[in-house]
Amino acid sequence: MGKNLTHKILESHLVEGKLVPGEEIGIRIDQTLLQDATGTMAMLEFEALGLDRVKTQCSVQYVDHNILQSDNKNADDHRYLQTASMHFGIHFSPPGNGICHQVHFERFGEPGKTLLGADSHTPSGAGVSMFAMGAGGLDVALAMAGRPYYFPCPRVLGVKLTGKLPEWVSAKDIILEMLRRYDVKGCIGKVVEYYGPGVSTLTATDRLTIGNMGTELGATSTVFPSDENTRRFLEAQGRGDCWVELAPDPDATYDEYDEIDLSSLEPLIACPSSPGNVKPVREVAGTKVDQVIIGSCVNSSFRDLMAVAKVLEGRHIHRDVFFHVNPGSRQVLENVAFQGGLMPLLMAGARLHESGCLGCIGMGQAPGTNQVSLRTFPRNFPGRSGTKEDRIYLCSPETAVAAAIKGEITDPRDLGEQIEYPTIPEPEKYIVDTSSIIFASPSCGDTEIIRGPNIKPLPAMDPLPDTLEAVVLLKVGDNISTDAIIPAGAEILPLRSNIDALSQYAYCRIDDDFSSKCREVNAAVVVGGENYGQGSSREHAALAPRHLGVRAKIVRSFARIHKANLCNFGIVPLVFKNPEDYNHITEGAPVRLEGIRERIARGDTEIPVHVGDREILTLLDVSDRQREYLLAGGALNYVRENLTAS
Ligand code: MIC
Ligand code: SF4
C-alpha cells in the first residue's frame, strides 16, 4: 500500500509511538518559530530549562504582534527577545521586518522539515512543503531544548485537486470552500494533504494561503507536495539549494478522501463572526462596506499586493471606504515598490502601514460602530477587531479590492467587464534584503540578556491536591475561542510577559467580574461546549486562568492546542461522558473531584465529578506524560524535577 506524504514526513521524524490515528506520537522538530506575543513567555520557559543554546537546526524569534509602542512595555519586550535570542543562538527578526509566517516562508522554511511554532498559523509552512504545526509556547520551548513534540497521531484527509482556478477566484477561495464544507471543527485531529493534478496550478504562495487557514478548520497541519513550483519559489528567494522533491506514492492511500474541482469554484466570503460562516460573495453582494484591509499572515504577499495594485491602476477607491494595506514583510514591500506596485496603491488612496499583525490582533484598525469591514485575514472571532459587536468579513484580495472600489460587497468577477484580471507571475529573483535579521552566531553567546520592568518571572504553580473542591465560576457555549478566554488588543497584549497583570483580563469579554470572583474561592471550574479553546495557540489562555485558581475544565470537546496547553499548566481537561450533563450544571455550583490525584496517577479514564448533589461522569483522554504534568501542577514543574533528577 502506497504512502501518503504526511506519513512519509512523520515516519522520517518519528521518535516515539506508532502512526496509528489517535495514539500519542513524538516527533523530532527541525525548526522552531516564536513570535513576540507568545515568545516572551516561551523564552522565559526556555531560560527556566537552564540550557546554553537551542538544540534545533534553526530557531527564529519574530517581533510582529506587539509592535504598537504606546509606552515602554513592548519596546522592553523587544529588547529582551533580541538579547535572549542572541544569547541562545536564535535568529532574530526585529519589528518591521515582517509577520512570522511570511518571513519564515521567504527566508527559513525547507521542504520535508518539521516546524513547530508558538502561533496557530504555523501550518503556513505548507507553502514550502514543511510539516508545520502550532503549539503552546512551552511545547515550543521544549522543542528548542531538543525534546520531541508529542501530539495525537492525526488522521490524514486526502483532498484531490483537479482543474484550474477561473479568473477572479484565488487560493483564498479554495480554503474558504474547505471551511464551507468542514466549518471550524470539521478537521480536528486531521492533517489535510492536497494531491492530484490541480496542485501544480498553485504557486508556493497559494499553498501558504491554504495551509495558513487550515488552522481555521481545526486541522493539525496541512501538507503539499514539493515540486517545480516549490523549487521556483526557493530559487527566486536565493535558497534553491534546500529544495528536495517530495510527493506521495502514486498509489498512496488516505484515512479520508475529498475532491475539489478548482474550475468550479466561485468567490467566497466568511461572514461575521466565524471563519466557518462561508457564503458565495454574490449572496451578500450590495452590503455597504466601510473598511477594507489587505494584510495579515495570509494574503499579504507580493502576489496579493501586486494583484490589488494592478486592479487599482488609474482608479481611486470609493470615498466612503477606509482602505488599509499591511504588507506581510519588508521583503514584500521592497519587491512591490521595485515592481511599480506602490504608486497605484498610494494614488488609489491606500493607508500604507508597516508590516505586522496590526488590526488582525486588534492592534489598531478597529472599525467604527456598526461598520462593515472586509479583510483578507484568517480570523473574525467576535470582538477580535477591538470593536464590540463587530461586523468582520474574510475574503480574497480580489473580493477586497472590488469592495474598495465599489463601496459595497461586490463579486470581483463583475469587475471583469472593465478591468483585465491581473496575473502576477512569480519574480525570477526576489530582491532579498536580510540586513535587518540578526543571525545566530557562536560569538553571540556572550550577549547579556536585558530585562525591562515588564518581564516578570513565571508564577509558581502548586501540584494537584488529593481531592479538588471548587466552584463552577463560568459556563460558556460552543466554539469559545482563546480570544474569548484571554483577549488580545492594544491594552492587553503588552501584558503577555506579566501573568499577574494579564490574568485580571481572563474571560473579561464574557464576564467582567471573573477575576474578582476567582479571588473569593479556593479553586474554580469552567464549563464549556464543543470545540472549546479554538483559534490562537496562546498558552496564556491556560496560564492566566490557572494563576487565578482554575484547576479543571469540563466541556463537550476541546480544540487540540488548547487541550495540550491545559495539561502543560496543570488544568485537568475533562469531557462530559454524556453531553446532556452540560445542561445540568449551573454557575455557582460546588464541584468535588474526590481522590483526583490517585485517579490520574493510576490511569483512570473515567472521572466522577460531584456537582452539587449529582454525580456526573467525565472522561480524561490524556497521555501518560500529560498525567505526570497534571500531577506535578504543570509541565515546567515536571520537566524541571526530571532535569534535576537526571
Ligand atoms: C492569533 O492569530 O490569534 C495569534 C495572535 O497570532 C495567536 C498567537 C497569540 O495569541 O499570540 C495564534 O494564532 O496562535
Ligand atoms: Fe498575526 Fe493575525 Fe496571523 Fe495571528 S492571524 S499571526 S495575529 S496576522
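The preceding data block contains the structure.
Residues numbered from 1 in each chain as written. Chains lettered and ligands numbered in written order. Predicted model: local features only at pLDDT ≥ 70, side-chain atom pairs only at ≥ 80, totals over all residues. Heavy atoms only, no water.

Chemist: What is the right way to read the overall build of the protein chain from this model?
Modeler: Of regular secondary structure, the protein chain possesses 22 helices and 26 strands. Over its C-alpha trace the protein chain gives a radius of gyration of 24 Å, about what one expects of a compact globule, namely 26 Å for 646 residues. If you line up the protein chain on its principal axes, its C-alpha atoms span 70 × 55 × 55 Å. The buried share of the protein chain, taken over its 646 residues, is 64%. Residue pairs at least 24 apart in sequence account for 78% of intrachain contacts in the protein chain once pairs closer than 6 positions are excluded. In the form shown here, the protein chain has an accessible surface area of approximately 22,300 Å², with 48% of it arising from carbon and sulfur atoms. Taken as two groups, the 63 positive and 83 negative side-chain charges of the protein chain have centres that lie 1 Å from each other. (Helix = DSSP H or I, 4+ residues; strand = E, 2+ residues; numbered from the N terminus. Rg over C-alpha atoms; globule rule 2.2 N^0.38 Å. Buried < 20%, exposed > 50% of the residue type's maximum accessible area, 1.4 Å probe, protein only. Contact = heavy atoms within 4.5 Å. Areas by Shrake-Rupley, 256 points an atom, 1.4 Å probe, with all protein chains shown as cover. Lys, Arg positive; Asp, Glu negative; His and termini not counted. Charge placed at Lys NZ, Arg CZ, Asp CG, Glu CD.)

Chemist: What's the story with unusual backbone geometry in this structure? I'm lost.
Modeler: The general pattern is negative phi for most residues beyond glycine and trans for most peptide bonds. With an omega of -10 degrees, the peptide bond running from proline 272 to serine 273 counts as cis. Within the secondary structure, serine 273 sits in the loop between strand E13 (268-270) and strand E14 (278-280). Not every positive phi belongs to a glycine, and asparagine 479 is a case in point at roughly 55 degrees. Summarising the element assignment, asparagine 479 is placed in the loop between strand E20 (468-475) and helix H14 (482-485). For asparagine 479, a relative accessible area of 29% corresponds to the partly exposed category.

Chemist: Can you walk me through the sheet that holds strand E21 (residues 524-527) in this structure?
Modeler: Through backbone hydrogen bonds, the strands of a sheet pair up, either in parallel or in antiparallel fashion. One closed barrel holds the 7 strands; their spatial order is E20-E21-E22-E23-E26-E25-E24, and the pairing between them is mixed. When the angles between neighbouring strand axes are averaged without regard to direction, this sheet yields 40 degrees. Judged from the 2 bridges that link them, strand E23 (residues 572-576) and strand E26 (residues 614-619) form a sheet pairing that is antiparallel. When the bridges of E26 are listed, phenylalanine 576 appears paired with threonine 618. (Pairing = 2+ DSSP bridges. Axes fitted to C-alpha atoms, helices over the stretch in contact; angles between N-to-C directions.)

Chemist: I keep staring at the environment of glutamate 11 and nothing clicks. Help me out?
Modeler: The residue glutamate 11 is located in helix H1 (residues 5-13) in this model. Its relative accessible area of 40% is what places glutamate 11 among the partly exposed residues. Those residues in contact with glutamate 11 that lie beyond four places of it in its chain are Lys3 and Leu19. Engagement of the side chain of glutamate 11 in a polar contact is seen with the side chain of lysine 3, the distance being 3.0 Å. (Polar contact = N/O pair within 3.5 Å; in protein donor to acceptor, adjacent residues only side chain to side chain.)

Chemist: How do you make sense of the site of ligand 1 when you look at a structure like this?
Modeler: With respect to spatial proximity, 14 residues lie near ligand 1, and among them His65, Asp119, Ser120, Ser537 and Arg538 are the closest. Within the side chain of arginine 384, one N or O atom sits 2.8 Å away from an oxygen atom of ligand 1. Within the side chain of arginine 496, a nitrogen or oxygen atom sits 2.8 Å from an oxygen atom of ligand 1. Considering only residue class, the shell around ligand 1 consists of 2 nonpolar, 7 polar and 5 charged. (Near = heavy atom within 4 Å. Nonpolar A, V, L, I, M, F, W, Y, C, P; charged D, E, K, R; others polar.)

Chemist: For this particular structure, what's the right way to read the packing of aromatic side chains?
Modeler: To describe a pair of aromatic rings, one takes the distance between the centres and the angle between the planes. In this structure the tally under the stated criterion is 14 aromatic pairs. Both rings, one in phenylalanine 46 and one in phenylalanine 88, keep their centres 5.0 Å apart while their planes meet at 85 degrees; by these two values the pair is edge-to-face. Placement of the pair is phenylalanine 46 in helix H2 (residues 36-48) and phenylalanine 88 in helix H3 (residues 72-88), with a sequence separation of 42 residues. Taking relative accessible area as the criterion, phenylalanine 88 reaches 4% and is therefore assigned buried. Through successive ring pairs, a cluster of aromatic residues spans Phe105, Phe233, Phe302 and Tyr430. Between the NZ or CZ atom of lysine 475 and the centre of the ring of tyrosine 582, over which it lies, the distance is 4.3 Å. (Phe/Tyr/Trp six-rings, centres within 6.5 Å; stacked < 30°, edge-to-face > 60°. Lys NZ or Arg CZ within 6 Å of the ring centre and 35° of its normal.)

Chemist: Explain the packing of helix H10 (residues 302-312) against helix H11 (residues 330-338) to me, please; I cannot follow it from the model alone.
Modeler: Axis angle and axis distance: for two packed helices, these are the angle between their axes and the distance between the axes, and together they describe the pair. Two elements in contact, H10 and H11, have axes separated by 9 Å at closest approach and are oriented at 40 degrees. Taken as a pair, H10 and H11 cross one another with a handedness that is right-handed. Contact with H10, carried on its side by Phe302, Leu305 and Met306, involves Val332, Asn335 and Val336 of H11 and no other residues of that element. Here the contact of H10 with H11 is composed, by residue class, of 5 nonpolar, 1 polar and no charged. (Left-handed = near helix turned anticlockwise from the far one by under 90°.)

Chemist: Just to check I follow, could you spell out the pairing of strand E9 (residues 155-162) for this structure?
Modeler: The side chains of a regular strand alternate between the sheet's two faces. Among the 8 residues of E9, 6 are classified as buried, and the element is accordingly described as predominantly covered. By the bridge criterion, 6 bridges tie E9 to strand E10 (residues 190-195) in an arrangement that is parallel. The residue of E10 that forms the bridge with leucine 157 is valine 192. The parallel pair E9 and E10, bridged by helix H6 (residues 171-182), forms a crossover whose chirality is right-handed. (Right-handed = clockwise from strand over helix to strand, strands pointing away.)

Chemist: Looking at this structure, how should I read the environment of aspartate 500?
Modeler: For aspartate 500, the location among the structural elements is in helix H16 (residues 499-503). For the pair aspartate 500 and methionine 343, spaced 157 residues apart in sequence, the C-alpha separation works out to 47 Å.

Chemist: Which parts of the structure should I look at to understand the nonpolar core?
Modeler: With 78 residues, the main nonpolar core has Phe131, Phe514 and Tyr532 as its most contacted residues. In this structure phenylalanine 131 touches Thr6, Ile9, Leu10, Ile27, Lys113, Thr114, Leu115, Phe151, Val191, Ser221 and Val223, once residues within four positions along its chain are discounted. Within the second largest apolar cluster, 60 residues are counted, among which are Val103, Cys242, Leu305 and Ala309. (Core = buried A, V, L, I, M, F, W, Y, C linked by side-chain atoms within 4.5 Å.)

Chemist: Just to check I follow, could you spell out helix H21 (residues 624-632) for this structure?
Modeler: Along an α-helix, residues three or four apart share an orientation, since each turn contains 3.6 residues. Taking burial as the measure, the 9 residues of H21 include 7 buried ones, the bulk of the element. Inspection of H21 places Arg625, Gln626, Arg627, Tyr629, Leu630, Leu631 and Ala632 among the buried residues, and these make up the whole buried set. Among the residues trailing H21, glycine 633 stands out with phi positive, at a value near 90 degrees.

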